[in-house]
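So the chains spell out like this:
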Amino acid sequence: MSIRIARLHGQRDLRVETLPDPEPAPGEVVVAIGAGGICGSDIHYYTHGGIGEMIRVQEPIIIGHEAAGTITALGEGVEGLSVGQRVALNPSHPCGRCSFCEKGAHQHCLNMRFKGSAMFMPHEQGFFRDRIAIGAAQCYPIAEGVPMAEAALSEPLAVCRRAITRALEVAGTLEGKRVLVTGAGPIGALCVALAKHFGASEIVVTDLQDATLAVAKDVGATRTVNVATHGADLTEYEAEKGYFDIAFECSAAQPALRSAILCTRPMGTIVQVGVMGDTPVPFNLLVSKEINLIGTHRFDKEFGQAVELINTQAMVLAPIVTHSLPIADAVIAMELATDRGKAVKVQITFD
Ligand SMILES: [Zn+2]
Ligand SMILES: [Zn+2]
């Protein structure tokens, strides 16, 4: 038997190829992937051959780090999991020994092995394949009735749940807060769903596309503003030094960060979720308004929290997955994912 894989050989050179079927090593299970989401980093690898100057695709890599599936085999010594069980896969595999791991800040592990990442050589091979052998500890059981598509949102939801952790560290609570989310891609949309779940009283979302804003509305936005066509609508939030208590900047666009700083009240908090290169920041405003501008990176315990949230089905997540295509159409799926006017989350399915 063999499995199909979606392997990137270079810029815009994604090939569906085959590999021998994996066997589980001791402590591993084999998971038949059900659905796998295409993430911004996959898109960057595909369209630019890497992310910035630092992370480059230097050898063929099976992309994908957002997936859920069904266990088909158990390796020696695996307990608490069973064949036929559905699980979300945590792509994060910290070393457990470095100085950050010892402090419990696994997201900063110095020897992180993150599935589908070209950060280190050899690259860590990812999830876009029929079956994978993976450590049992990276498998999180999915509750009965949760669609596979939603289970496969665990990883991006964990990223957003980490952004919430960071906001809570500074702001204490989201209950009754006015929240701004800039950027309505998958990460923006998931931040909206979480902000609603955590009790925000108002959630205003900005983007350049009506289609993605419509999804943001479906998952909990109280108002959406297309800044391409109705940018002036935001100026009302700049009055009296700003309106929002907390902003999640998910667009990685300089103008969005600028308007987040303009629209956030003094002593408010901005969580920079989107990753952008060197970019000009209106520091005078940031400093004089005493705004907390904080970073957020991947996730740690937030993966389990995200799976728990998905399992309770407490949030509306289905509208975020706008497209799903079979692995045979991986290239079409990739191209579709680059089209922000159409797609929010594109997933690849396996059967
Ligand atoms: Zn991702
Ligand atoms: Zn470590």
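An unreviewed UniProt entry lists the chain under the name Alcohol dehydrogenase catalytic domain-containing protein, from Pseudooceanicola spongiae. We quote the UniProt Sequence similarities (unreviewed entry) comment for the chain here in full: "Belongs to the zinc-containing alcohol dehydrogenase family." If you open the UniProt record of the chain and go to Cofactor (unreviewed entry), you find "Zn(2+)".

All right, on to the coordination of the zinc ion (ligand 2) then. Within the protein, the zinc ion (ligand 2) binds to Cys-95 (SG), Cys-98 (SG), Cys-101 (SG) and Cys-109 (SG); these donor distances fall in the range 2.3 to 2.4 Å. Coordination at the zinc ion (ligand 2) is tetrahedral: its 4 donor atoms span angles of 101 to 118° at the metal. Each donor residue of the zinc ion (ligand 2) lies on one chain, and together they are spaced C-x2-C-x2-C-x7-C. Highlighted residues: Cys-95 in the loop between β9 (92-93) and α2 (99-102) and Cys-109 in the loop between α2 and β10 (113-114), separated in sequence by 14 residues. Residue Cys-95 shares its accessibility class with Cys-109, and that shared class is buried.

On to the pairing of strand β19 (residues 321-326). Looking along a regular strand, one sees the side chains alternate between the two faces of the sheet. Here 5 bridges tie β19 to strand β20 (residues 345-349), and the two strands are oriented parallel to one another. Residue pairing in the sheet places Val-321 in a bridge with Lys-345 of β20. Chirality of the crossover, the property in question, places the unit of β19, helix α10 (residues 330-337) and β20 among those that are right-handed.

This part covers the packing of aromatic side chains. For the structure on display, the rule yields 6 aromatic pairs. Considering the side-chain rings of Phe-114 and Phe-299, the 6.1 Å spacing of their centres and the 55° angle between planes classify their relative orientation as tilted. Highlighted residues: Phe-114 in strand β10 and Phe-299 in the loop between β18 (292-295) and α9 (302-312), separated in sequence by 185 residues. This pair shows no difference in class: Phe-114 is buried, exactly as Phe-299 is. A ring pair is formed by Tyr-237 and Tyr-243, whose centres lie 5.1 Å apart and whose planes are at 50°; its orientation type is tilted. With a relative accessible area of 5%, Tyr-237 lands in the buried category. Among the aromatic residues, those joined into a ring-pair cluster are Phe-114, Tyr-140, Phe-299 and Phe-303. Above the face of the Tyr-243 ring, Arg-178 is positioned so that its terminal group lies 3.8 Å from the ring centre.

So, about the side chain of Asp-130. With respect to the secondary-structure elements, Asp-130 resides in the loop between β10 and β11 (131-135). A distance of 2.7 Å separates a polar side-chain atom of Asp-130 from the backbone nitrogen of Arg-4. Filtering out sequence-adjacent residues up to four positions away, Asp-130 remains in contact with Ile-3, Arg-4, Val-31, Ala-32, Ile-33, Phe-350 and Asp-351.

Listed under "domain: Enoyl reductase (ER)" (unreviewed entry) in the UniProt record, and renumbered for this structure, are residues 10-345. Measuring from the first to the last C-alpha atom of residues 10-345 gives 23 Å, for a span that is 27% helix and 27% strand.

Tetrahedral coordination by four donors puts the ideal angle at the metal at 109.5 degrees, and octahedral coordination by six puts it at 90 or 180 degrees. Within the protein, the atoms that donate to the zinc ion (ligand 1) are Cys-39 (SG), His-65 (NE2), Glu-66 (OE) and Glu-155 (OE), at distances of 2.2 to 2.7 Å. Around the zinc ion (ligand 1), the 4 donor atoms sit at angles spanning 83 to 171°, and that spread fits a shape best called irregular.

All right, on to the pairing of strand β16 (residues 244-249) then. A large share of β16 lies buried, amounting to 6 of its 6 residues. As defined by bridge partners, strand β13 (residues 178-182) adjoins β16 across 4 bridges and the pair is classed as parallel. Its bridge partner lying in β16, Thr-182 is registered against Glu-249. Across 5 bridges, β16 lies against strand β17 (residues 264-272) in parallel orientation. Considered in β17, the bridge of Ala-247 is made with Ile-270.

Segmentation of the chain into domains returns domain 1 (2-153 + 317-349) and domain 2 (157-295). Computed over C-alpha atoms only, the centres of domain 1 and domain 2 are separated by 28 Å. Counting residues at the interface gives 11 residues for domain 1, matched by 15 residues for domain 2. For the pairing of domain 1 and domain 2, the buried interface totals around 1,100 Å² over both sides, and the portion due to carbon and sulfur atoms is 70%. Contact with domain 2 buries area across many residues of domain 1, yet Ile-320, Arg-340 and Val-344 alone supply 46% of it, more than any other trio. Across the domain 1-domain 2 interface, the total number found is 1 salt bridge. Arg-340 serves as the salt-bridge partner of Asp-207, at 3.2 Å between the closest nitrogen and oxygen.

Another point: the sheet that holds strand β15 (residues 223-226). Within the open sheet, the 6 strands sit side by side as β15-β14-β13-β16-β17-β18. Their pairing is parallel. The open sheet has two free edges, formed respectively by β15 and β18, since each of these has just one partner strand. The sheet shows a mean angle of 20° between the axes of neighbouring strands, direction not considered. Pairing of β13 with strand β14 (residues 202-207), which is carried by 5 bridges, proceeds in the parallel orientation. The partner of Arg-178 across the bridge, within β14, is Glu-202. Docked against the sheet, helix α7 (residues 254-263) engages β13, β16, β17 and β18, running at close to 150° with respect to β17.

Criteria and cut-off values
Residues numbered from 1 in each chain as written. Chains lettered and ligands numbered in written order. Predicted model: local features only at pLDDT ≥ 70, side-chain atom pairs only at ≥ 80, totals over all residues. Heavy atoms only, no water. UniProt positions renumbered as here; feature names shortened; annotations may be inferred. Donors = N, O, S within 2.8 Å, 3.2 Å for Na, K, Ca; no water. Tetrahedral: all angles 85-135°; square planar, octahedral: opposite > 155°, others 65-115°. Helix = DSSP H or I, 4+ residues; strand = E, 2+ residues; numbered from the N terminus. Buried < 20%, exposed > 50% of the residue type's maximum accessible area, 1.4 Å probe, protein only. Pairing = 2+ DSSP bridges. Right-handed = clockwise from strand over helix to strand, strands pointing away. Phe/Tyr/Trp six-rings, centres within 6.5 Å; stacked < 30°, edge-to-face > 60°. Lys NZ or Arg CZ within 6 Å of the ring centre and 35° of its normal. Polar contact = N/O pair within 3.5 Å; in protein donor to acceptor, adjacent residues only side chain to side chain. Contact = heavy atoms within 4.5 Å. Domains from an automatic or database assignment. Buried area = accessible area lost by both parts, 1.4 Å probe. Salt bridge = Lys/Arg side-chain N within 4 Å of Asp/Glu carboxyl O. Axes fitted to C-alpha atoms, helices over the stretch in contact; angles between N-to-C directions.

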